[in-house]
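The primary structure of each chain is shown beneath.
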Amino acid sequence: MKKLFKLALAVFGMALVLGGLFWASKLRNVCRETPAEALVARQSLEEITQEAQAVFIGRVTGISQPKLASEGNRWSEDVLIYHEVTIKPERFLFNAIGLADPVKIAVLGGEVKLPREVAVKKGNPDLTRVAAAEATFEKGERVLVFVKRGFIGYKKISGAEGKMERLALVGAWQGKFRIEGEKAINYLPTLSRTVPEIERIVEARTSAP
């Protein structure tokens, strides 16, 4: 009986070790960055509205593969990952910057595989970098977004400072609402409203002296 008990313990221990090794190997392939929501100060809907240069309702028609915010899409250790989300506007609630169909928004976040020579130096040829997305989009999704023009900061390969202008969400994930019927649903529940409520808030901003 004692032999069976010892055998069972040995098998259980081996399973734990193998399971740990399996997940460790998986995790070693990924270099994760800080979640975007941890880096963004929470704003009220009124604050987001004041900061926005355009507010519109539309449908997501395309999402690009992840890109690097650098000259020639080239790798550097401090490079930022982003992808472009294409939205076909249905109607603008506010449009101070002359946006037209289609609208492309650069959204930080995504996963890219490190160049082989860089990954090998780090000890794993399959190493990838994963950056949390500012907001998530799905093709075919109907959305209401608050956007403004801004810059993705990055260092050029030469080491000189550089910037890439982009059309961005206001407040990252706070500036994107998924529309379901009359509901405009935000990642942060306290920001969720009905579409007519948001229309009234935006109208109040645009009609203010």
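The paragraphs below set out a description of the structure included in this document. (Residues numbered from 1 in each chain as written. Predicted model: local features only at pLDDT ≥ 70, side-chain atom pairs only at ≥ 80, totals over all residues. Heavy atoms only, no water.)

Section: the pattern of salt bridges
Working step 1: Within the structure shown, the criterion is met by eight salt bridges.
Working step 2: The partner of Lys148 in a salt bridge is Glu51, and the shortest N-O contact between them spans 2.3 Å. Here the residue Lys148 occupies a position in strand β8 (residues 142-155), and Glu51 occupies one in helix α2 (residues 45-51), the gap between them amounting to 97 residues.
Working step 3: Overall, Lys148 belongs to the partly exposed group, its relative accessible area being 24%.
Working step 4: Between Arg142 and Glu90 there is a salt bridge, and its shortest N-O distance comes to 2.9 Å. Of this pair, Arg142 sits in strand β8 while Glu90 sits in strand β4 (residues 81-95), and the two are 52 residues apart along the sequence.
Working step 5: Residue Glu90 is classed as partly exposed on the basis of its relative accessible area of 42%. (Salt bridge = Lys/Arg side-chain N within 4 Å of Asp/Glu carboxyl O. Helix = DSSP H or I, 4+ residues; strand = E, 2+ residues; numbered from the N terminus. Buried < 20%, exposed > 50% of the residue type's maximum accessible area, 1.4 Å probe, protein only.)

What about the side chain of Gln43?
Working step 1: Within the secondary structure, Gln43 sits in the loop between β1 (30-32) and α2.
Working step 2: Within the local environment of Gln43, its side chain forms a polar contact with the side chain of Glu51, the two groups lying 2.9 Å apart.
Working step 3: Beyond its immediate stretch of four places on either side in the chain, Gln43 contacts Ile48, Glu51, Gly171, Gln174 and Leu191. (Polar contact = N/O pair within 3.5 Å; in protein donor to acceptor, adjacent residues only side chain to side chain. Contact = heavy atoms within 4.5 Å.)

Some remarks on unusual backbone geometry
Working step 1: The omega torsion of the bond from Asp101 to Pro102 falls at -5 degrees, within 30 degrees of zero and hence cis.
Working step 2: Its location among the elements puts Pro102 in the loop between β4 and β5 (103-108).
Working step 3: Even without a glycine there, the phi angle at Ala172 is positive, about 55 degrees.
Working step 4: Relative to the assigned elements, Ala172 resides in the loop between β9 (161-169) and β10 (176-180).

Details of the packing of aromatic side chains
Working step 1: Counting across every chain of the model gives three aromatic pairs.
Working step 2: Ring plane angle 50 degrees and centroid distance 5.2 Å describe the contact between Phe56 and Phe92, whose orientation is recorded as tilted. In this pair, Phe56 is assigned in strand β2 (residues 54-63) and Phe92 in strand β4, connecting sequence segments 36 residues apart.
Working step 3: For Phe56, a relative accessible area of 0% corresponds to the buried category.
Working step 4: Taking the centre distance of 5.3 Å and the plane angle of 65 degrees together, the rings of Trp173 and Tyr187 count as edge-to-face. Of this pair, Trp173 sits in the loop between β9 and β10 while Tyr187 sits in the loop between β11 (183-186) and β12 (193-194), placing them 14 residues apart in sequence.
Working step 5: The ring of Phe137 carries Lys176 above its face, with NZ or CZ at 5.1 Å from the centroid. (Phe/Tyr/Trp six-rings, centres within 6.5 Å; stacked < 30°, edge-to-face > 60°. Lys NZ or Arg CZ within 6 Å of the ring centre and 35° of its normal.)

With respect to the nonpolar core
Working step 1: Ranked by internal contacts, the top residues of the largest apolar core, which has 37 residues, are Phe137 and Phe146.
Working step 2: Elements that contribute at least two residues to this core include exactly α2, β2, β4, β5, β8, β9, β10 and α4 (195-207).
Working step 3: Beyond its immediate chain neighbours, meaning those up to four positions away, Phe137 contacts Val60, Ile63, Val85, Ile87, Val107, Val143, Val145, Leu169 and Lys176.
Working step 4: Core analysis: the next-biggest nonpolar cluster, separate from the first, contains ten residues, Leu68, Trp75, Val118 and Leu127 among them. (Core = buried A, V, L, I, M, F, W, Y, C linked by side-chain atoms within 4.5 Å.)

Observations concerning the side chain of Asn186
Working step 1: By the element assignment, Asn186 lies in strand β11.
Working step 2: Within the local environment of Asn186, its side chain forms a polar contact with the backbone nitrogen of Leu188, the two atoms lying 2.8 Å apart.
Working step 3: Excluding residues within four positions of it along the chain, Asn186 makes contact with Trp173, Gln174, Lys176, Phe177, Leu191 and Ser192.

Some details on the pairing of strand β6 (residues 110-113)
Working step 1: The alternating pattern of β6 places Gly110 and Val112 on a buried face and Glu111 and Lys113 on a face that is not buried.
Working step 2: Two strands pair when backbone bridges link them, and β6 and strand β7 (residues 128-131) are joined in this way by four bridges, in the antiparallel orientation. Each residue of the ladder has a partner; that of Glu111, found in β7, is Val130. (Pairing = 2+ DSSP bridges.)

Details of the pairing of β11
Working step 1: On β11, burial follows the alternation: Ala184 and Asn186 on one face are buried, whereas Lys183 and Ile185 on the facing-out side are not.
Working step 2: In terms of strand pairing, β10 meets β11 through four bridges, oriented antiparallel. Residue Ile179 lies in a different strand from β11, and its bridge partner there is Ala184.
Working step 3: A loop of two residues connects β10 with β11, the two strands running antiparallel in sequence, and Gly181 in this loop sits at a positive phi of about 65 degrees.
Working step 4: As defined by bridge partners, β11 adjoins β12 across two bridges and the pair is classed as antiparallel. Residue pairing in the sheet places Ala184 in a bridge with Arg193 of β12.
Working step 5: Between β11 and β12, which pair antiparallel and follow one another directly, the connecting turn spans six residues.

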